[in-house]
Amino acid sequence: MQVVDYEAGEGLYVASGGAVELVSAAAGDELSFGLGDRRCAGTVHEGDHIACDVDDAPHCDDHGHVWVCARCTGTCLKDEMDCHEEHAMYLAAFAPDVLKVGVTRLWRLETRLREQGADRAAHIRTFPDGRVAREVESELASRDDLVDRVRVPTKIDGFGRGVDEAAWDSLLDGFDPIDRFAFDYGLDLDERPVAETMAAGAVRGWKGRVLVLDRGGSTYAVDARELVGYELTDDVPSRELQSSLGAFGR
């Protein structure tokens, strides 16, 4: 079985012999897989998996997909602009003090925030289309106190920590929020989990695309994208893993 995709909060999509199924990895589930070789995850077409033998992972050049809208700053990178619907501009906080500006289609706002694993968020403006929204986003992202991208290791570094409420409130003072959000992912962490790439342990839950597992008395944070392309085996390795004891020593 090869991991070909994931669905945050739900599980891992695995392919075997062309068929694709979801291996549940919801809170309370137990995963017991080892990781074998990793290669391109291929592609799924009309429900069937088309394998690829190229070593590049998670996807080779032929099977990789870059969403050009994520790179847009107001000048459309597509042959024809197609974002003719309302877009929301938001501010998001990632513990403890990383502050982000972003844009998404209005109807996807809360879903998009959860996909990113945001701790706090505020809807600050609504635009008639994506082009104008991206222009304003680009301007705000040039500020010293805002970014437009947050890497997964940075997010994991904030797991088990609280948001700097003073910094968050100070940022919002300069805007007039339409709506505010506070997210609780039910992880009940009192220390930062150890970043690992593995598929074995008791599922504590998800925060964005990060799968949180308990194993051997420690807690681990797994970037689900880093599992894509791996062959899953029944041989769970018994190698020593870094313990989370003291991982949150600050």
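Predicted model only: the values in this text are computed from it and were never measured.

Student: Now, about the nonpolar core: what can you tell me, with residues and values included?
Tutor: Membership of the largest hydrophobic core comes to 23 residues, with the highest contact counts inside it found for Val3, Leu31, Val203, Leu211 and Leu213. Looking at this core, the elements with two or more residues in it are β1 (2-7), β2 (11-16), β4 (30-38), β12 (199-207), β13 (210-215) and β14 (218-223). Setting aside its immediate chain neighbours within four residues, Val203 contacts Ala25, Ala26, Ala27, Gly28, Asp29, Leu31, Leu211, Val212 and Leu213. Judged by nonpolar contacts, the second largest core, of 21 residues, contains Ala88, Leu113, Phe181 and Ala221.

Student: Before we move on, could you go through the packing of aromatic side chains and cite the residues and values that matter?
Tutor: Within this structure, the stated rule accounts for two aromatic pairs. A ring pair is formed by Phe181 and Phe183, whose centres lie 6.0 Å apart and whose planes are at 5°; its orientation type is stacked. Residue class for Phe183 comes out buried when judged on its relative accessible area of 8%. When the centroid spacing of 6.3 Å and the interplanar angle of 35° are considered together, the rings of Phe183 and Tyr185 count as tilted. The rings of Phe181, Phe183 and Tyr185 are connected pair by pair, giving a single aromatic cluster.

Student: Help me get a handle on a negative patch on the surface, residues and values and all.
Tutor: Residues Asp37, Asp53, Asp55, Asp56, Asp61 and Asp62 make up a contiguous surface patch of negative charge. Position of Asp55 among the secondary structure elements: in the loop between β6 (48-50) and β7 (87-94). Asp55 gets classed as exposed once you look at its relative accessible area, which sits at 64%.

Student: Requested: an account of the side chain of Asp119, with residues and values cited.
Tutor: If you trace the backbone, Asp119 turns up in the loop between α1 (109-116) and β9 (120-127). Residue Asp119 is classed as buried on the basis of its relative accessible area, which comes to 9%. Only 2.8 Å separates the side chain of Asp119 from the backbone nitrogen of Ala95, close enough to count as a polar contact. Once residues within four sequence positions are removed from consideration, Asp119 is found in contact with Ala93, Phe94, Ala95, Val163, Phe181, Ala182, Phe183 and Lys207.

Student: Got a sec to walk through the sheet that holds β9? Specific residues and values, please.
Tutor: If you trace the four strands from one edge of the open sheet to the other, you get β8-β7-β9-β10, paired in antiparallel fashion. Of all the strands in the sheet, just β8 (98-105) and β10 (179-182) have a single pairing partner and so form its edges. The sheet shows a mean angle of 25° between the axes of neighbouring strands, direction not considered. Alignment of β7 against β8, held across eight bridges, turns out to be antiparallel.

Student: Can you lay out the pairing of β7 for me, pointing to particular residues and giving the numbers?
Tutor: Of all eight residues in β7, eight are buried, a share of seventy percent or more. Going residue by residue along β7, you find His87, Met89, Leu91 and Ala93 tucked away on one face and Ala88, Tyr90, Ala92 and Phe94 tucked away on the opposite face as well. The pairing of β7 with β9 spans seven bridges and is antiparallel. Paired with Met89 across the strands is Arg125, a residue of β9.

Cut-offs and rules
Within every chain, residues take consecutive numbers counted from 1 along the sequence as written. Under the rules for a predicted model, residues below a pLDDT of 70 receive no local features and side-chain atom pairs below 80 are neither given nor counted, while totals for whole chains, interfaces and linings still include all residues. Side-chain measures here rest on the full set of heavy atoms in the structure, leaving out hydrogens and waters. To qualify as a nonpolar core, a set must consist of buried Ala, Val, Leu, Ile, Met, Phe, Trp, Tyr and Cys residues joined through side-chain atoms within 4.5 Å. Only protein chains enter the accessibility calculation, which uses a 1.4 Å probe. A residue is then buried if its area is under 20% of the maximum for its type, exposed if over 50%, and partly exposed in between. The helix and strand labels rest on DSSP assignments: H or I over at least four residues marks a helix, E over at least two residues marks a strand, and numbering proceeds from the N terminus. Here a residue-residue contact requires only that any non-hydrogen atoms of the pair lie within 4.5 Å. Ring geometry is summarised as follows: Phe, Tyr and Trp rings, the Trp one being its six-membered ring, pair when their centres sit within 6.5 Å, and such pairs are stacked at plane angles under 30 degrees, edge-to-face over 60 and tilted between the two. Two distance rules govern patches: like charges are joined within 9 Å, and nonpolar side chains (Val, Leu, Ile, Met, Phe, Trp, Tyr) within 5 Å, applied only to residues with over 30% relative accessible area and no salt bridge. Using a 1.4 Å probe, accessible areas were evaluated by the Shrake-Rupley method; residue-level cover was limited to the displayed protein chains. What makes a salt bridge here is a side-chain nitrogen of Lys or Arg within 4 Å of a carboxyl oxygen of Asp or Glu, nothing more. The charge count includes Lys and Arg as positive and Asp and Glu as negative, but it does not include His or the ends of the chains. Taken as the charge location is NZ of Lys, CZ of Arg, CG of Asp or CD of Glu. Definition of a polar contact: a pair of N or O atoms within 3.5 Å, with one able to donate and the other able to accept a hydrogen when the atoms are protein atoms, and with sequence-neighbouring residues admitted only if both atoms are side-chain atoms. Here a strand pair is declared whenever DSSP counts at least two bridges between the two strands. Note on definitions: angles span 0 to 180 degrees between N-to-C directions of axes, and those axes are lines fitted to C-alpha atoms, for helices only across the stretch in contact.

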